[in-house]
Amino acid sequence: DAGVIQSPRHEVTEMGQEVTLRCKPISGHNSLFWYRQTMMRGLELLIYFNNNVPIDDSGMPEDRFSAKMPNASFSTLKIQPSEPRDSAVYFCASSPYPRRGNEQFFGPGTRLTVL
Amino acid sequence: QQQVKQSPQSLIVQKGGISIINCAYENTAFDYFPWYQQFPGKGPALLIAIRPDVSEKKEGRFTISFNKSAKQFSLHIMDSQPGDSATYFCAASQETSGSRLTFGEGTQLTVNP
């Protein structure tokens, strides 16, 4: 069974450009989470979806960030315009909740560098 | 109310020693306490988890100790090995909030050969 798939794995862009990160959750999972990880702030929850509906986006830093989940097998996190302080590793995770309890399965992450 | 505090920030242990990482929480509604392990360049992965109806859970060399009255839980790694070198995150959640997890700040463990 394939795990959570994220693309691209690495992204280098210049300040002001639009960045789109993509995630394919594990088939059958109905919860999806976007996290950002930095040395300074650790692992931060940005937004999570349940059955494709955004439940809590209070962690989204500002209006430059937006996330969508058009169907159960795909989600995007978009940053427009990007800034150097957005440089981080972005993780997508999915969960089969309420089956198998509260476990989240993380993807390999996208390392974003904004110059 | 939603925070989970983790310590230490970093830990260096000799091979064969015991690694201990501690977490404290504030929200008494939390009812699920997992530990995640993250290797460099990888996403976090579930290592072991406990619910508050038991005070200890052991899986191989990894043990969670849970103290409900103190609102604390800890991860013990017995016979630590260099392959255990990773970042460890504690977390907590409550059933009514679905599978949303509140993570601790992380502990970078280094096990020297």
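Everything below is about the structure printed above this text.
Residues numbered from 1 in each chain as written. Chains lettered and ligands numbered in written order. Predicted model: local features only at pLDDT ≥ 70, side-chain atom pairs only at ≥ 80, totals over all residues. Heavy atoms only, no water.

Asker: Talk me through the overall build of chain B; I want residue IDs and the actual numbers.
Answerer: Of regular secondary structure, chain B possesses zero helices and eleven strands. The order of helices and strands in chain B, counted from the N terminus, is β-β-β-β-β-β-β-β-β-β-β. Relative to the 2.2 N^0.38 estimate, which gives 13 Å for 113 residues, the radius of gyration of chain B is 13 Å and therefore close to what a compact globule would have. Its C-alpha atoms put chain B at 45 × 30 × 20 Å along the principal axes. For chain B, the proportion of its 113 residues judged to be buried stands at 45%. Counted over contacts in chain B with a minimum sequence separation of 6, partners at least 24 positions apart contribute 54%. (Helix = DSSP H or I, 4+ residues; strand = E, 2+ residues; numbered from the N terminus. Rg over C-alpha atoms; globule rule 2.2 N^0.38 Å. Buried < 20%, exposed > 50% of the residue type's maximum accessible area, 1.4 Å probe, protein only. Contact = heavy atoms within 4.5 Å.)

Asker: I'd like a rundown of the environment of A:Ala88, residues and numbers included.
Answerer: All names here are of chain A. Inspection of the secondary structure assignment puts Ala88 in strand β9 (residues 88–95). The exposure class of Ala88 is buried, given its relative accessible area of 9%. Spatially, the C-alpha atoms of Ala88 and Thr13 are 12 Å apart, while their sequence positions differ by 75 residues.

Asker: Provide a residue-level description of unusual backbone geometry, including the pertinent values.
Answerer: Omega for the peptide link from A:Ser7 to A:Pro8 comes to -10°, which places this bond in the cis form. Cis rather than trans, the peptide bond between B:Ser7 and B:Pro8 has omega equal to -5°. Within the chain, B:Lys71 stands out as a residue other than glycine whose phi angle is a positive 55°. Assignment of secondary structure puts B:Lys71 in the loop between β7 (62–67) and β8 (72–77). The backbone phi angle of B:Asp79 is positive, close to 45°, even though this residue is not glycine. Relative to the elements of secondary structure, B:Asp79 occurs in the loop between β8 and β9 (86–92). Classification of B:Asp79 by relative accessible area gives partly exposed; the value is 39%.

Asker: Describe the interface of chain B and chain A, and please don't skip the residues or the numbers.
Answerer: Counting residues at the interface gives 19 residues for chain B, matched by 19 residues for chain A. Together, the buried faces of chain B and chain A total about 1,600 Å²; carbon and sulfur atoms form 50% of this surface. Among the residues chain B hides against chain A, the three largest losses belong to B:Ser99, B:Arg100 and B:Phe103. Together they make up 35% of the total. For the salt bridge of A:Asp56 with B:Arg100, the shortest nitrogen-to-oxygen distance reads 2.2 Å. The tally of links between chain B and chain A comes to three residue pairs in polar contact (both at pLDDT 80 or more). Among the residues making up the side of chain B that touches chain A, the classes are represented as seven nonpolar, eight polar and four charged. (Buried area = accessible area lost by both parts, 1.4 Å probe. Salt bridge = Lys/Arg side-chain N within 4 Å of Asp/Glu carboxyl O. Polar contact = N/O pair within 3.5 Å; in protein donor to acceptor, adjacent residues only side chain to side chain. Nonpolar A, V, L, I, M, F, W, Y, C, P; charged D, E, K, R; others polar.)

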